[in-house]
Amino acid sequence: MAEQPRADLLSPDTHGARTHTCGALRHDDTGEDVTLKGWVDTRRDHGGLVFIDLRDRYGLTQVVFSPQDNQDAYEAAGRLRREDVISVRGTVRPRGDEAVNPNLDTGTIEVKADSLAVLNTAETPPFVVSAHEERQMDTGEALRLKHRYLDLRRPALQDNLTLRHRLYQTTRRYFDDHDFLEVETPVLMKSTPEGARDFLVPSRLHPGRFYALPQSPQTYKQLLMVGGLDRYVQIVKCFRDEDLRADRQPEFTQIDVEMTFATEEQVYDLTEGLMADLWADLEDTTLETPFPRMTYVEALRTYGTDKPDTRFGMELHDVSDCFAGSGFRVFESIVDGGGDIVALRVPGEGDRNRAQMDRLEDYVTDEIGAAGLIYFQLPSDGSEMTQNLSTDALPKEYGRAAAEQVGATAGDLVLTLAGDPPTVYEQAGDLRLYMGEETGARPDPRSGEDQFLWVTDFPLLEYDEDEGRYVSMHHPFTAPQADDLDALEETPGDVQARAYDLVLNGNEIGGGSIRIHTRETQQRVFDVLGIDADEAQERFGFLLDAFRYGAPPHGGIALGLDRLVMLLAGADSLRDVIAFPKNQSGQEPMVQSPDWVDPEQLETLALRLDLPPDVEPPAHVARRSRLAS
RNA sequence: GGGCCGGUAGUUCAGCGGUUAGAAUGCUGCCCUGUCACGGCAGAGGUCGCGGGUUCAAAUCCCGUCCGGCCCGCCA
């Protein structure tokens, strides 16, 4: 262990409490005797004069040490290093006109230091920490996560956490104003078979049995409705043991909402009100409500996804009819087999050269996974349309018809993919997003241009090829639409759900549904899912039992708080809006979790390791494990 | 489980078969009384992730492996 650097500098703090933060002082405070405490951000040593930028959460204040004011303090200040923690007592004085720093909120003043107390010294940090973002190098995230307490000193991260805090406050105030009760639900609950993998917690008192961490408090919040709580909200941690992404963490936070007697319209209205308050408080903008709505089918047909980014055009069109009788065998055989030819118009890209188009074709086959790309280019000079097919294979009139149907004019590019729905639409949707990014048509996440959208009328079930059965698209408690109920057993794939997603700029930020509240309907859905009565009773008996005693209709929504903050902050990763996030392999590099545990702990829990051959526990674990057994 | 990109000084990167591996920044020392990402001078700092191979010669090419990031699968 390194010794305390410059230990002789340390001095007791005789200054008492701080009088101001480092972001507080203004010209009006001139002449005030103040005490500031904080970190040394920057030191500018002029030999006969030392400037320190003192930093805390609130800002930077320039402190000046001069031998005329206090010889000892001046000498000590010359030995200060970045990230030392100091207390300064001094006098606020105005800066001359030419010395004002317009980049600092406190830039019109400085503090003339009369006394310095060095509260703690710092070793040289592994990377530069500074409120001056220009000093900041783009240090690798691995190192920043390992020393998260240093990274957290940067205003960029503090701003994100501040935003997150304000989102909590606005959310709680909003729901309180609407008569919601915040109720905590258990973190140690029971494993549910459907959905994501559970995190398990072994039970010491019941050897061999496990709690599970909630993927969401879904069943508990429904039981709160049965319990007559009427309106429930919780800002709650949820856990899913699946692979991570930039926008997916194994533990994440939801704004979980449930209402008795709720209709879809009430959920939309309530959620829109919250978003309006959030945007008013955090973005200082007025959202237009109600938000537009689109059915799942329309979203898939028009945007190739259930979370469309509607901020830019390039909508998808079914141009199958345009190619009827064209003689182009690839298209004709796909259409004859029930497939579609899907086109999108890319404005202003009709003059791309051959090499560019070849690269695009490669992207479509390699990255998107489509069989091929047929395209039509309309040069901006109005000259003849070109296509990447010989006119023998496909006479040009058919391409022209397709171009006309998608509204293409001179200078536009028309891209077509062919295949079976829904896959071809999803591929075309991927292509649309790619072209949107590539051409700059899709607004930047930081543009502030926000478009909310409700996606409605989801299918209740989708067929899972691997499992050979239907699975819930949302979750097994989602109510089918009343008109479709009769079809549940005959054509389960056609049943629509009373489910909805909230989409913001192409990101799913929430989803919910009106729930099943009768035992009979719930059992019918379980049946279709292949869960028979015995199994249902074993897994979800508590819910089915509750439904026997007068369960009211209810429904709600869950909003992804981390993603909301990420989008509001303009961050690229969830990790930038979570204080102590996990890396892509699910580890937390600072405390180094997950970690091995002592064999004694395992024994207490009646557990024994059965590791794959390529996993070698550290020596102390392996050794003690042998002793214990 | 798979694909792509990356790993060189404390940090961010350049170097991509041929002298002693560079730059910026940080760090250390000296100088400097109005700077504000202060400036000047000097200096220290490297197992080029790791292992193997090809070669007269490897940071550079090949194979393997580990680590990180992004994505696919997965995420009711």
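What counts, and at which threshold
Residues numbered from 1 in each chain as written. Chains lettered and ligands numbered in written order. Predicted model: local features only at pLDDT ≥ 70, side-chain atom pairs only at ≥ 80, totals over all residues. Heavy atoms only, no water. Helix = DSSP H or I, 4+ residues; strand = E, 2+ residues; numbered from the N terminus. Buried < 20%, exposed > 50% of the residue type's maximum accessible area, 1.4 Å probe, protein only. Areas by Shrake-Rupley, 256 points an atom, 1.4 Å probe, with all protein chains shown as cover. Lys, Arg positive; Asp, Glu negative; His and termini not counted. Charge placed at Lys NZ, Arg CZ, Asp CG, Glu CD. Pairing = 2+ DSSP bridges. Contact = heavy atoms within 4.5 Å. Axes fitted to C-alpha atoms, helices over the stretch in contact; angles between N-to-C directions. Core = buried A, V, L, I, M, F, W, Y, C linked by side-chain atoms within 4.5 Å. 1 Å grid on protein atoms, 1.4 Å probe; cavity = no way out; pocket = protein on both sides within 12 Å on 5 of 7 lines; lining within 4 Å. Points joined across faces, edges and corners; volume = space filled by probe spheres on them. Nonpolar A, V, L, I, M, F, W, Y, C, P; charged D, E, K, R; others polar. Parallel < 35°, antiparallel > 145°, perpendicular 65-115°, else oblique. Left-handed = near helix turned anticlockwise from the far one by under 90°. Near = heavy atom within 4 Å. Patch = residues over 30% accessible without salt bridge, like charges linked within 9 Å, V, L, I, M, F, W, Y side chains within 5 Å. Salt bridge = Lys/Arg side-chain N within 4 Å of Asp/Glu carboxyl O.

**Here's the deal with the overall build of chain A**
So, point 1. Within chain A, the secondary structure is distributed over 16 helices and 22 strands.
So, point 2. Each principal axis of the C-alpha atoms in chain A carries an extent, and together these give about 95 × 75 × 55 Å.
So, point 3. Within chain A, the fraction of its 629 residues that count as buried is 47%.
So, point 4. Of the roughly 30,900 Å² of accessible surface on chain A, a fraction of 47% belongs to carbon and sulfur atoms.
So, point 5. Taken together, the 63 basic and 114 acidic charged side chains of chain A have centroids lying 7 Å from each other.

**Side note on the sheet that holds strand E12 (residues 316-318)**
So, point 1. Taking strand neighbours across the sheet as the criterion, the five strands line up as E12-E13-E16-E14-E15 in an open arrangement whose pairing is antiparallel. Taken across any chain shown, the strands that pair with only one partner, and hence form the sheet edges, are E12 and strand E15 (386-387).
So, point 2. Note: strand E13 (residues 340-346) against strand E16 (residues 413-419), seven bridges, orientation antiparallel. Bridge pairing in E16 links Asp340 to Gly419.
So, point 3. Relative to the sheet, helix H8 (residues 329-336) contacts E13, strand E14 (374-377) and E16, its axis offset from that of E16 by approximately 50 degrees.

**Observations concerning the nonpolar core**
So, point 1. By size, the foremost hydrophobic cluster in this structure holds 50 residues, and its most contacted members are Leu373, Leu415, Leu417, Leu431 and Phe526.
So, point 2. Phe526 has contacts with Pro476, Phe477, Ile531, Ala536, Phe540 and Leu544, leaving out every residue within four places of it along the chain.
So, point 3. Core analysis: the second largest hydrophobic core is formed by 39 residues, Leu278, Leu282, Leu502 and Ile514 among them.

**Side note on the pairing of strand E21 (residues 507-514)**
So, point 1. With six of eight residues buried, E21 lies mostly within the body of the structure.
So, point 2. Pairing between strand E20 (residues 499-504) and E21: six bridges, direction antiparallel. Within E21, the position partnered with Leu502 by the bridge is Gly510.
So, point 3. Here E20 hands over to E21 after two residues, with Asn505 in that stretch at a positive phi of 55 degrees.
So, point 4. Two strands pair when backbone bridges link them, and E21 and strand E22 (residues 554-560) are joined in this way by five bridges, in the antiparallel orientation. Counted as the bridge partner of Ile514 is Gly555 from E22.

**Concerning the layout of surface pockets**
So, point 1. Its boundaries defined by the atoms lining it, the second largest pocket holds a volume of some 460 Å³.
So, point 2. Among the residues making up the lining of the second largest pocket, the classes are represented as twelve nonpolar, three polar and five charged.

**As for the packing of helix H4 (residues 155-177) against helix H14 (residues 561-569)**
So, point 1. Interaxial distance between H4 and H14 falls to 10 Å at its minimum, and their mutual angle equals 125 degrees. Taken together, H4 and H14 sit at an angle that is classed as oblique. Helix-helix and strand crossings are classified by hand; for H4 and H14 the assignment is right-handed. Facing H4, whose interface residues are Asn160, Leu163, Arg164, Leu167 and Tyr168, H14 presents Leu561, Asp562, Leu564, Val565, Leu568 and Ala569.
So, point 2. When grouped by side-chain class, the residues that make up the contact of H4 with H14 number eight nonpolar, one polar and two charged.

**Some thoughts on the protein's contact with RNA strand B**
So, point 1. Taken together, 49 residues form the shell around RNA strand B, and within it Gln68, Ala99, Glu110, Ser472 and His474 come nearest.
So, point 2. Sugar plus phosphate, as a fraction of atoms of RNA strand B within 4 Å of the protein: 49%.
So, point 3. Elements with a contribution of two residues or more to the surface near RNA strand B: strand E1 (33-45) and strand E2 (50-56).
So, point 4. Per-element tally for the surface near RNA strand B: the top contributor is E1, with three residues.
So, point 5. Across the surface near RNA strand B, the residue classes tally to twelve nonpolar, 20 polar and 17 charged.

**Regarding a negative patch on the surface**
So, point 1. A contiguous patch of negative charge, built from Asp176, Asp177, Asp179, Asp230 and Asp277, is present on the exposed surface.
So, point 2. Within the fold, Asp177 resides in helix H4.
So, point 3. Accessibility expressed as a relative area gives 56% for Asp177, which makes it exposed.

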